[in-house]
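# Secondary and tertiary structure notes
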Amino acid sequence: MSNIAALSDDQILARLADGEQSELIWRLLVQRHRLRVLARAKEIIEDWDLARDLAQETFLRLYEAISEQRTITHLPTYLYRVCTNLSISQLREGERKSRIKEEFTEFLENNWVGIVNNEAILRLSDEDYGEEQRLQQALLQLQEVQQRALRLFYHQRLSYQLIAAELDISVGEVRSALQNGKAKLRRLLQKPSSKEVGEGTV
């Protein structure tokens with residue numbers, strides 16, 4: 001082990017591929033290439049915290065590749081390619097989410113009344129209440145994720161996948177939020193308001 005620092009990348013990869021579980025060998029490999037990987041991530045992302053996360057993810061991908069016995073012919077090239085792909089994907093995802101968020105915020109500011117009166121949402125009720133205030137109050141009684149999911153789905157016509165990206169939840173959670181939100185909204189709209197109950201009381 002005294003000559004471990006003299007091992008080439010290929011020799012280290014071969015020993016790891018053979019199942020040698022040596023923390024020292026793995027640490028040597030990471031230390032040898034981490035600055036180069038970090039610099040590449042920082043070059044694309046320009047955010048040190050995120051670049052460090054991407055560098056760590058790059059080495060995790062390397063670990064997975066070694067565990068799965070994949071062939072790695074030139075380690076620096078492999079790490080460069082993996083880090084570049086991860087960083088570009090992260091950059092595009094961040095830009096997409098930022099764009100969707102800005103567009104949605106502007107839409108809400110300019111179209112709140114239209115959202116409340118949206119015909120697609122009104123159709124959730126068995127009766128045509130035609131009362132903007134009552135529908136708005138009913139919407140506000142839903143969980144926030146249900147409110148946002150309904151607005152994105154019915155007014156902006158976004159797909160489940162885009163709604164999941166906007167709300168940072170899974171597609172399954174989007175489906176659940178829509179189903180539960182619609183069911184609760186229907187129940188709320190079918191209930192007589194407290195004012196109506198009071199007027200009918202002698």
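As the structure is a prediction and not an experimental result, all values here were calculated from the model.

Rules and cut-offs
Residues numbered from 1 in each chain as written. Predicted model: local features only at pLDDT ≥ 70, side-chain atom pairs only at ≥ 80, totals over all residues. Heavy atoms only, no water. Buried < 20%, exposed > 50% of the residue type's maximum accessible area, 1.4 Å probe, protein only. Helix = DSSP H or I, 4+ residues; strand = E, 2+ residues; numbered from the N terminus. Axes fitted to C-alpha atoms, helices over the stretch in contact; angles between N-to-C directions. Parallel < 35°, antiparallel > 145°, perpendicular 65-115°, else oblique. Contact = heavy atoms within 4.5 Å. Nonpolar A, V, L, I, M, F, W, Y, C, P; charged D, E, K, R; others polar. pLDDT = per-residue confidence, 0-100. Core = buried A, V, L, I, M, F, W, Y, C linked by side-chain atoms within 4.5 Å. Phe/Tyr/Trp six-rings, centres within 6.5 Å; stacked < 30°, edge-to-face > 60°.

### Some remarks on helix α8 (residues 160-167)
Taken together, the buried positions of α8 are Ile163, Ala164, Ala165, Glu166 and Leu167. Where α8 terminates, the next one or two residues include Asp168, which has phi positive at roughly 60 degrees.

### Concerning the packing of α8 against helix α9 (residues 171-190)
At a minimum axis distance of 8 Å, the contact between α8 and α9 shows a crossing angle of 100 degrees. If you check the angle between α8 and α9, you find them roughly perpendicular. Residues Tyr160, Gln161, Ile163 and Ala164 of α8 touch α9, and the partners they reach there are Val171, Val174, Arg175 and Leu178. Broken down by class, the residue content of the contact of α8 with α9 amounts to 6 nonpolar, 1 polar and 1 charged.

### Side note on the confidence of the model for the protein
Within the protein, residue pLDDT values average 77, and 76% of them lie at 70 or more. Overall, residues 124-130 carries pLDDT values under 50, and its contacts beyond four positions in sequence, including any with other chains, amount to 9 contacts. Residue range residues 194-202 is modelled with pLDDT below 50. Its contacts to residues more than four positions away, or to other chains, number 3 contacts.

### Some thoughts on the nonpolar core
Of all hydrophobic cores here, the largest spans 27 residues; its most connected members are Leu62, Ile72, Leu75 and Tyr78. Secondary-structure elements contributing two or more residues to this core are α1 (9-17), α2 (23-45), α3 (48-67) and α4 (75-116). Per-element accounting of this core gives the leading share, 8 residues, to α2. The residues touching Leu75, leaving out its near neighbours within four places in the chain, are Asp9, Leu13, Leu29, His33 and Leu62. Core analysis: the second largest hydrophobic core is formed by 18 residues, Leu135, Tyr154, Ile163 and Leu185 among them.

### Some remarks on the packing of aromatic side chains
In this description, an aromatic ring pair is defined by two values, namely the gap between the centres and the angle between the planes. The full count for this structure, using the stated rule, is 2 aromatic pairs. Where Phe153 meets Tyr160, the ring centres are 5.7 Å apart and the plane angle is 55 degrees; that geometry is what we call tilted. Given the relative accessible area of 25%, Phe153 is considered partly exposed. On the basis of relative accessible area, Tyr160 is assigned to the partly exposed category, the value being 25%.

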